Amino acid sequence: MTLTPDKVNQIAAFARKLDSCVNSELRKKFDRPLSDLTSLISIRNCNSFNIGWLSNVLELSHSAAVRVVDRLEGDGLLERQAKDNKKQVGLRISQKGIFLSDEILSLRGSIVAKLLSPLESQQLDGLADCARTVIAANVDQELDAYKTCALCDEEGCGINCPTAAVVSCLPKEKRRS
């Protein structure tokens, strides 16, 4: 493989443009910090989240993650639940949070579709195949998987999820071998 400077620039610019479009539109539509929106999706995708894990996924300090959880809980979007170890508190998305996360994922899908609309169907399939290959080759720890898929629609990938092999909360039938 020859990775020339123009390819590096074009691939990096594409990734940046996609990320920038999704993030700015989500913030604009929901008038919330991206950390709030990402938290909802991450917690929705795994029912064993706690604040420490959330801070690692979002790359926030523990106190910043507590503030995110406080905001979301205050708005009725998630609930804290006691764990076996009294020092840990689990996080569970509420019904209101599920409705908002559905809206977040729907808008994210629309933004990506609009950005990729110049592609033909075959090009889109090729891009998705490339993305799966790159993600699968570069995610080998559960934390990396959650960071990579923090805004993913878990149901969308199904058995094609490139990170499923390392995500312990997924049922075995949804994990890659």
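Residues numbered from 1 in each chain as written. Predicted model: local features only at pLDDT ≥ 70, side-chain atom pairs only at ≥ 80, totals over all residues. Heavy atoms only, no water.

*Asks:* Would you mind showing me how to read the environment of R27 here?
*Replies:* Secondary-structure assignment places R27 in helix α1 (residues 5-30). In this structure the C-alpha to C-alpha distance between R27 and R44, which are 17 residues apart in sequence, comes to 19 Å. Apart from the residues within four sequence positions on either side, R27 is in contact with R32, L34 and L37. (Helix = DSSP H or I, 4+ residues; strand = E, 2+ residues; numbered from the N terminus. Contact = heavy atoms within 4.5 Å.)

*Asks:* Hey, could you run me through the side chain of S55 in this one?
*Replies:* For S55, the position within the fold is in helix α3 (residues 51-58). When near neighbours in sequence (up to four residues on either side) are disregarded, S55 contacts L60, S61, H62 and A65.

*Asks:* Help me understand the packing of aromatic side chains in this model?
*Replies:* Within a pair of aromatic rings, the relevant descriptors are the distance that separates the centres and the angle that separates the planes. Enumeration according to the criterion identifies three aromatic pairs in this entry. Judged by centre distance (6.4 Å) and plane angle (85 degrees), the ring pair of F49 and W53 falls under edge-to-face. For F49, a relative accessible area of 0% translates into the label buried. Here W53 and Y146 contribute two aromatic rings whose centre-to-centre distance is 5.9 Å and whose plane-to-plane angle is 80 degrees, an arrangement assigned as edge-to-face. Note that W53 is positioned in helix α3 and Y146 in helix α7 (residues 142-148), a separation of 93 residues in sequence. Through a chain of ring-to-ring contacts, the aromatic side chains of F49, W53 and Y146 assemble into a single cluster. One Lys or Arg, K29, reaches over the ring of F30 and ends 5.9 Å from the middle of that ring. (Phe/Tyr/Trp six-rings, centres within 6.5 Å; stacked < 30°, edge-to-face > 60°. Buried < 20%, exposed > 50% of the residue type's maximum accessible area, 1.4 Å probe, protein only. Lys NZ or Arg CZ within 6 Å of the ring centre and 35° of its normal.)

*Asks:* Honestly, helix α2 (residues 34-45) in this entry has me stumped. Any pointers?
*Replies:* Each full turn of the α-helix corresponds to 3.6 residues, which orients residues three or four apart in the same direction. Here α2 is twelve residues long and its end C-alpha atoms lie 17 Å apart, about the 16 Å a rise of 1.5 Å per residue gives. By the burial criterion, the buried members of α2 are L34, S35, D36, L37, T38, S39, L40, I41, S42, I43 and N45. (Expected span 1.5 Å × (residues − 1).)

*Asks:* It is not clear to me how unusual backbone geometry should be interpreted in this structure. Could you clarify?
*Replies:* One can expect most non-glycine residues to show negative phi and most peptide bonds to be in trans. Here D31, not a glycine, exhibits a phi torsion of approximately 50 degrees, which is positive. By the secondary structure assignment, D31 is in the loop between α1 and α2. With relative accessibility at 72%, the residue D31 sits in the exposed group. Positive phi values are uncommon outside glycine, yet E59 reaches one of about 55 degrees. By secondary structure assignment, the location of E59 is in the loop between α3 and α4 (62-74).

*Asks:* Got a minute to help me understand the packing of α2 against α3 in this structure?
*Replies:* Packed helix pairs are characterised by how far apart their axes lie and by the angle those axes make with each other. Viewed as axis vectors pointing N to C, α2 and α3 meet at an angle of 120 degrees, and their least axial separation amounts to 11 Å. With respect to α3, the element α2 is oriented oblique. Of the two possible hands of crossing, α2 and α3 adopt the one that is right-handed. Contacts between α2 and α3 involve S35, T38, S39, S42 and I43 from the first element and L54, V57 and L58 from the second. Looking at the contact of α2 with α3, its residues break down into four nonpolar, four polar and no charged. (Axes fitted to C-alpha atoms, helices over the stretch in contact; angles between N-to-C directions. Parallel < 35°, antiparallel > 145°, perpendicular 65-115°, else oblique. Left-handed = near helix turned anticlockwise from the far one by under 90°. Nonpolar A, V, L, I, M, F, W, Y, C, P; charged D, E, K, R; others polar.)

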